[in-house]
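# Examination of the molecular architecture
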Protein chains: 2
Amino acid sequence: MVTAKTELFEKELQEAALLFKALSHPARLAIIKHLAETKTCISGNISDELPLSRTTVNQHLAELKKVGLIQGEIEGTRVNYCLNIENINALHKLTYFFFKEVQARDKKHCK
Amino acid sequence: MVTAKTELFEKELQEAALLFKALSHPARLAIIKHLAETKTCISGNISDELPLSRTTVNQHLAELKKVGLIQGEIEGTRVNYCLNIENINALHKLTYFFFKEVQARDKKHCK
DNA sequence: AATAATTAACGTAAAAATACGTCAATAAAA
DNA sequence: TTTTATTGACGTATTTTTACGTTAATTATT
């Protein structure tokens, strides 16, 4: 039988993997970039910029929200999505130190 | 019909997404860390350290190799895997500048 | 109060990822 | 040369992701 084995790894790696997964689709990277450019915007507008249906874009937005990289503020019928800068910063640091650690330990480089 | 739409995005985003995808599973992060610690090692040894079968670990190794984050050097019956430091560095820079750009553009922060 | 706009929830189909066993090939060791 | 060790290729089952249409709910607008 095939069962998910991700939870058998260190918590730290699991969480990092979840964040990287959130960045593993070009649509979600495009959303992040777009939100960075335009302060706020509703999901309908975002789907106008992307080659995907509104439904699918909404799904990607929900995924980004789930891991805390963006936040949505309800305003009437609309939802203003924007980056969660604190968490973006945290991820920036996480990736920075992950690579830093990997590189430091690999001093004893293989040829 | 459901077709892959990833190729409808900018090349840059596509490539970044592929690299992040390679990092989106704790097993692959564990492999990278392990390779960083122990210079080289064969895939059999790596699977001893991970809660996964040798076959599955091999699959993850192949994926990391496909995106160039690791390289395998055949040595007799064994394969010595090690990090591809150049590409790890490149990815480090890519993530660094991706986040830097996102943050710069988000100066006009939404509260 | 009725209509329009917008979004999340739900359902679903296809594709991709995950996990693993088995087998064949290759090289080393006996 | 036979046996052992090790790995990649292949097949396959299950789960997850991706993509989208439809519907229901909620808020504005008329």
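Residues numbered from 1 in each chain as written. Chains lettered and ligands numbered in written order. Predicted model: local features only at pLDDT ≥ 70, side-chain atom pairs only at ≥ 80, totals over all residues. Heavy atoms only, no water.

Between side chains of opposite charge, a pair can form as their charged atoms come close. Summed over all chains, the structure comprises four salt bridges over all chains. For the salt bridge of Lys33(A) with Glu12(B), the shortest nitrogen-to-oxygen distance reads 3.6 Å. Taken together, the residues span two chains, with Lys33(A) in helix α2 (residues 26-37) and Glu12(B) in helix α1 (residues 11-22). The buried category is assigned to Lys33(A), whose relative accessible area is 13%. Linking Arg28(B) and Glu63(B) is a salt bridge whose minimum nitrogen-to-oxygen distance equals 3.4 Å. (Salt bridge = Lys/Arg side-chain N within 4 Å of Asp/Glu carboxyl O. Helix = DSSP H or I, 4+ residues; strand = E, 2+ residues; numbered from the N terminus. Buried < 20%, exposed > 50% of the residue type's maximum accessible area, 1.4 Å probe, protein only.)

Residues and elements named next belong to chain A. Residue placement: Ile31 occurs in helix α2. Judged by its relative accessible area of 0%, Ile31 falls in the buried class. The sequence separation of Ile31 and Glu49 amounts to 18 residues, and the corresponding C-alpha distance is 9.2 Å. For Ile31, the residues in contact, after removing those within four places along its chain, are Ile46, Leu50, Val57, His60, Leu61 and Leu64. (Contact = heavy atoms within 4.5 Å.)

So, on to the interface of chain B and chain A. Each partner contributes to the interface: chain B provides 50 residues, whereas chain A provides 50 residues. The interface formed by chain B and chain A holds two salt bridges in total. Run the count over chain B and chain A and you get four residue pairs in polar contact (both at pLDDT 80 or more). Where the side of chain B that touches chain A is concerned, the elements lending two or more residues are α1, α2 (26-37), β2 (78-83) and α5 (85-105) of chain B. In terms of residue count, α5(B) provides more of the side of chain B that touches chain A than any other element does, 14 residues in total. Residue classes in the side of chain B that touches chain A are distributed as 27 nonpolar, ten polar and 13 charged. (Polar contact = N/O pair within 3.5 Å; in protein donor to acceptor, adjacent residues only side chain to side chain. Nonpolar A, V, L, I, M, F, W, Y, C, P; charged D, E, K, R; others polar.)

With that out of the way, let us pick up the relation of the copies chain B and chain A. Superposing chain B onto chain A takes a rotation of 180° plus a shift of 0.0 Å along the axis, which leaves an RMSD of 0.0 Å. The transformation relating the two chain copies, once decomposed into turn and shift, fits a two-fold axis. Taken as a fraction of all interface residues of chain B, those also at the interface in chain A reach 100%, which identifies the copy contact as same-surface. (Least-squares fit on C-alpha atoms with pLDDT ≥ 70 in both.)

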